[in-house]
Amino acid sequence: MDFLTILGLAAATLTTTAFLPQMFQIWRTKSAKDVSFIMLITFILGVFLWLIYGIYLQALPIIVANSLTLFFNLIILWLKIKYR
């Protein structure tokens, strides 16, 4: 792997794992009242578009980061709906 791929994967790891504390907090407290529904939907759509872009470019860091971020944020959306 070249330096840019490693750099991209490091960035992907940090930005993707940043959502884990929020997801676990919602799960633990069973409350997502402080999470904006419109922000969450907008963010999910943006991440989905980044994922398509990464697939088109065949850029592993973009694909990995946005696949996981999309997955985590879909869980947050599900929890937001579940714990209304």
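It should be emphasised that the depicted structure is a prediction, and the values quoted were computed from it without experimental measurement.

J.: Can you help me understand unusual backbone geometry in this one?
T.: In terms of backbone geometry, most residues other than glycine have negative phi values and most peptide bonds are trans. At Lys30, a residue that is not glycine, the phi angle is positive and equals roughly 55°. For Lys30, the location among the structural elements is in the loop between α2 (20-29) and α3 (37-57). By relative accessible area, which is 48% here, Lys30 ends up partly exposed. Even without being glycine, Gln58 reaches a positive phi, approximately 55°. Structurally, the position occupied by Gln58 is in the loop between α3 and α4 (60-82). With a relative accessible area of 70%, Gln58 lands in the exposed category.

J.: Could you clarify how one ought to interpret the packing of helix α1 (residues 3-17) against α4 in this entry?
T.: Helix-helix packing: each pair is described by the crossing angle between the helix axes and the interaxial distance. The contact between α1 and α4 brings their axes to 8 Å, and the two run at 10°. Considered as vectors, α1 and α4 are oriented roughly parallel to each other. Of α4, the residues touching α1 (which contributes Thr5, Gly8, Leu9, Ala12 and Thr16) are Pro61, Ala65, Leu68, Thr69 and Phe72. Considered class by class, the residues forming the contact of α1 with α4 number six nonpolar, four polar and no charged.

Parameters at a glance
- Residues numbered from 1 in each chain as written.
- Predicted model: local features only at pLDDT ≥ 70, side-chain atom pairs only at ≥ 80, totals over all residues.
- Heavy atoms only, no water.
- Helix = DSSP H or I, 4+ residues; strand = E, 2+ residues; numbered from the N terminus.
- Buried < 20%, exposed > 50% of the residue type's maximum accessible area, 1.4 Å probe, protein only.
- Axes fitted to C-alpha atoms, helices over the stretch in contact; angles between N-to-C directions.
- Parallel < 35°, antiparallel > 145°, perpendicular 65-115°, else oblique.
- Contact = heavy atoms within 4.5 Å.
- Nonpolar A, V, L, I, M, F, W, Y, C, P; charged D, E, K, R; others polar.

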